[in-house]
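Observations on chain architecture
The residues making up each chain are set out below.
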Amino acid sequence: SPQPQRRFWFTLTADSLDCYSGPEKDARRLSMLVLTSLCSVARLTHSGKRRCFNPEVVEHIYQHNPILTYTQSPLYAPLLPFPYGNMAGKGYTSVREEAVRLFNCLQQLESAPEPVPLIQGILQTGLDLRPLRDELYCQTIKQTSITPKRTQTQTQPNPQLRYWQLLTCMSCTFLPSSSVLRYLRFHLKRVQSVSVDTEVESYAWFIAQALEKTRCRECVPSWEEIQGLMGRQEMLCTVHYPGPGCCRIAISSHTTANELVRKMAERLGLQDSPNTFALFEQKACRERVIGGGTIIADVITRFENLSVKEPDSEWRLCFKLYCLLDTDNISTDSIEYLFLYEQCHEMVVRGQLPACEDDLLSLAALRLQAVQGDYSALAPFPALEQVFPARVLEARALLTPAEPQGCPPPFPAGLLAGALWGHKRREEQDQRLRARLREEAALTTTAILERWKALSGYSRRDSMAAYLTIARQWSGFGCTLYEVDFYIVSHVTFYPANPLLWNLNGFLLKILNIPALECLPIAQICSYGVSDSNTFRITAGDRDLLFETSKVRGTAISASF
């Protein structure tokens, strides 16, 4: 007859795997397997029915397995198995060494006077090294399993809360694998059921909610975001809009551009507008649209990083009209009308509105009348580029011959003498060009002032209406325009140095080419789409138009007819 099976009980400690004759505290230890840095636990499997849901059994497992609970001792090996010699890359050492180093960083959080830099470093490692994300979650779960029995002072925060704050930031930055995610959810439920610390319970609830929304972030959360997460608070985001206005909107780590656009539209009373709006990254005269699914916290972090690299740069979020489906029925008393006017003026000063010089002078005068009222000799005149496109001045200055009339000076002999002569000649050309620019600016300013004087008595509303009336003369008015560098293949020849303004706005593709404006009827366009991250391709008949630009971002666009 088969012999009856014997049952054994095992306890896993930091240094050994011990085998006991029974579950009692005074049970006899039968054997022991010493663990070294060369040992790793591949998997712990619990078999049995309904025991894993028994709170007493669960607590018994935690009490008899110190590897699952908080420790002040260092970690000499990862909690999860990693192959030896597997280099992490990106300037890191091996995965095993990085795992041990991570736990050391976690323990430094307990005594760090300012935890944000440490948290950012840990999160950066998690973003860089995907294999370490599960290990990092397991380490943090271990350190939040019980409340450390340590005397606290007023100058030293609760060390366990620091781990909970880190876990909160992790849950909003990247997720672990599905198996570790199940373990994490079990851990959070256990904490919420047995913890007597209301703040710890609040962190557990917050993390559980975040796990349902998080997708992997592009950037490590900013300083402001981490401070908000440590207090389980949303952060305030400043969003500008055309004109001098701005709004402060509360956002979370999961708020997308589309969600923020909806909030802004509701705040400004634009939710019923037939036109569409979007968020833009803006710096001086440069701007780029933000994809609807982009996480706003990542954009803010990118701004923070850019401010460190470029102290003089100031990127900001701007809420603007994106696609004008109805420009005729916008009330002149609405903020949407102000958006239309301000964005039209932006196009003018950037040289994106194809208008004759006479219209540009009138537009500049109308802008001054709208902003400053009637002309006065004491009224300050803004920088010319704020009311008149600088490109027009530069083009006029370049039309004048750079060299004075007459015979060119003799070329001096000798290599060194020739180089010095060439440098001096270029300096003289630059000086003449700058002089021409000053002359053109003075002439243009005089012409604008004369037209401004003639507008005496025009109200702000009248000036804005007259401004838009001139702008509407362009058949492409209302399009969303992007300035790109481009190359054309096939037998069609354009000049790569010229600016291109394009928009697929229902019926026509507008291409501004110097000196002509070409209109391609939509029927001639066979297909269009994004062929890669920087190229927009349009096929019209036997022609392929390739637009190379940094503005083609986000979701790929394609269509065929």
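Everything that follows concerns the structure shown earlier in this document.
The text that follows walks through the structure, step by step, so that each part is easy to find. (Residues numbered from 1 in each chain as written. Predicted model: local features only at pLDDT ≥ 70, side-chain atom pairs only at ≥ 80, totals over all residues. Heavy atoms only, no water.)

**Structural notes on the overall build of the chain**
Per the secondary structure count, the chain includes 15 helices and 18 strands. Counting across all 561 residues of the chain, residues that qualify as buried make up 43%. Once local pairs closer than 6 in sequence are excluded, the contacts in the chain between residues at least 24 apart make up 64%. Here the chain displays about 31100 Å² of accessible surface, and carbon together with sulfur accounts for 54% of that area. (Helix = DSSP H or I, 4+ residues; strand = E, 2+ residues; numbered from the N terminus. Buried < 20%, exposed > 50% of the residue type's maximum accessible area, 1.4 Å probe, protein only. Contact = heavy atoms within 4.5 Å. Areas by Shrake-Rupley, 256 points an atom, 1.4 Å probe, with all protein chains shown as cover.)

**Notes on the packing of aromatic side chains**
Following the criterion strictly, the structure yields 10 aromatic pairs and no others. Ring geometry for Phe-303 versus Trp-315: centroids 6.3 Å apart, planes at 15 degrees, classification stacked. Of this pair, Phe-303 sits in helix H10 (residues 296-309) while Trp-315 sits in the loop between H10 and strand S10 (316-323), and the two are 12 residues apart along the sequence. Grouping aromatic residues by their ring pairs yields a cluster made of Tyr-241, Phe-277, Phe-319 and Phe-339. Lying over the aromatic face of Phe-280, Lys-320 brings its terminal NZ or CZ to 5.2 Å of the ring centre. (Phe/Tyr/Trp six-rings, centres within 6.5 Å; stacked < 30°, edge-to-face > 60°. Lys NZ or Arg CZ within 6 Å of the ring centre and 35° of its normal.)

**Description of helix H4 (residues 132-143)**
If you check H4, its first and last C-alpha atoms are 17 Å apart, about what 12 residues at 1.5 Å a residue would give, namely 16 Å. When you tally the buried positions in H4, you get 12 out of 12 residues, the bulk of the element. The set of residues buried in H4 consists of Leu-132, Arg-133, Asp-134, Glu-135, Leu-136, Tyr-137, Cys-138, Gln-139, Thr-140, Ile-141, Lys-142 and Gln-143. (Expected span 1.5 Å × (residues − 1).)

**Some remarks on the pattern of salt bridges**
Scanning all chains against the criterion turns up 23 salt bridges. Between Glu-357 and Arg-396 there is a salt bridge, and its shortest N-O distance comes to 2.3 Å. You can see Glu-357 sitting in helix H12 (residues 357-372) and its partner Arg-396 sitting in helix H13 (residues 390-399), a full 39 residues away along the chain. The network of salt bridges with common partners includes Glu-357, Arg-396, Arg-436, Glu-439 and Glu-440. (Salt bridge = Lys/Arg side-chain N within 4 Å of Asp/Glu carboxyl O.)

**Re a nonpolar patch on the surface**
A grouping of Phe-8, Phe-10 and Leu-30 is seen on the molecular surface, where their side chains present a nonpolar patch of about 280 Å² in accessible area. For Phe-8, the position within the fold is in the segment before strand S1 (9-12). (Patch = residues over 30% accessible without salt bridge, like charges linked within 9 Å, V, L, I, M, F, W, Y side chains within 5 Å.)

**Looking at the nonpolar core**
In terms of nonpolar packing, the biggest core is built from 61 residues, with Leu-260, Leu-279, Ile-296 and Phe-319 touching the most fellow members. Residues Val-95, Leu-109, Ala-210 and Ile-226 belong to the second largest nonpolar core, which totals 47 residues. (Core = buried A, V, L, I, M, F, W, Y, C linked by side-chain atoms within 4.5 Å.)

**Details of unusual backbone geometry**
Of note in this structure, Arg-232 is not a glycine but carries a positive phi near 55 degrees. Considering the arrangement of structural elements, one finds Arg-232 in the loop between helix H8 (223-230) and strand S6 (235-240). Judged by its relative accessible area of 26%, Arg-232 falls in the partly exposed class.

**Quick notes on the sheet that holds strand S3 (residues 29-34)**
Hydrogen bonds along the backbone pair up the strands of a sheet, which may run parallel or antiparallel. Spatially, S1-S2-S3 is the arrangement adopted by the 3 strands of the open sheet, whose pairing is antiparallel. Edge positions in the sheet fall to S1 and S3, since each has one partner strand and no second. The sheet shows a mean angle of 20 degrees between the axes of neighbouring strands, direction not considered. Bridging between strand S2 (residues 16-20) and S3 involves 5 bridges; their strand directions are antiparallel. The partner of Asp-18 across the bridge, within S3, is Met-32. (Pairing = 2+ DSSP bridges. Axes fitted to C-alpha atoms, helices over the stretch in contact; angles between N-to-C directions.)

**A short note on the sheet that holds S10**
The strand order across the open sheet formed by 5 strands is S7-S6-S10-S8-S9, and the pairing between neighbours is mixed. The strands lining the two open edges of the sheet, one partner per strand, are strand S7 (246-251) and strand S9 (286-289). Pairs of neighbouring strands in the sheet enclose a mean axial angle of 40 degrees, with direction left out of account.

Limitation: the analysis is restricted to geometry and does not speak to function.
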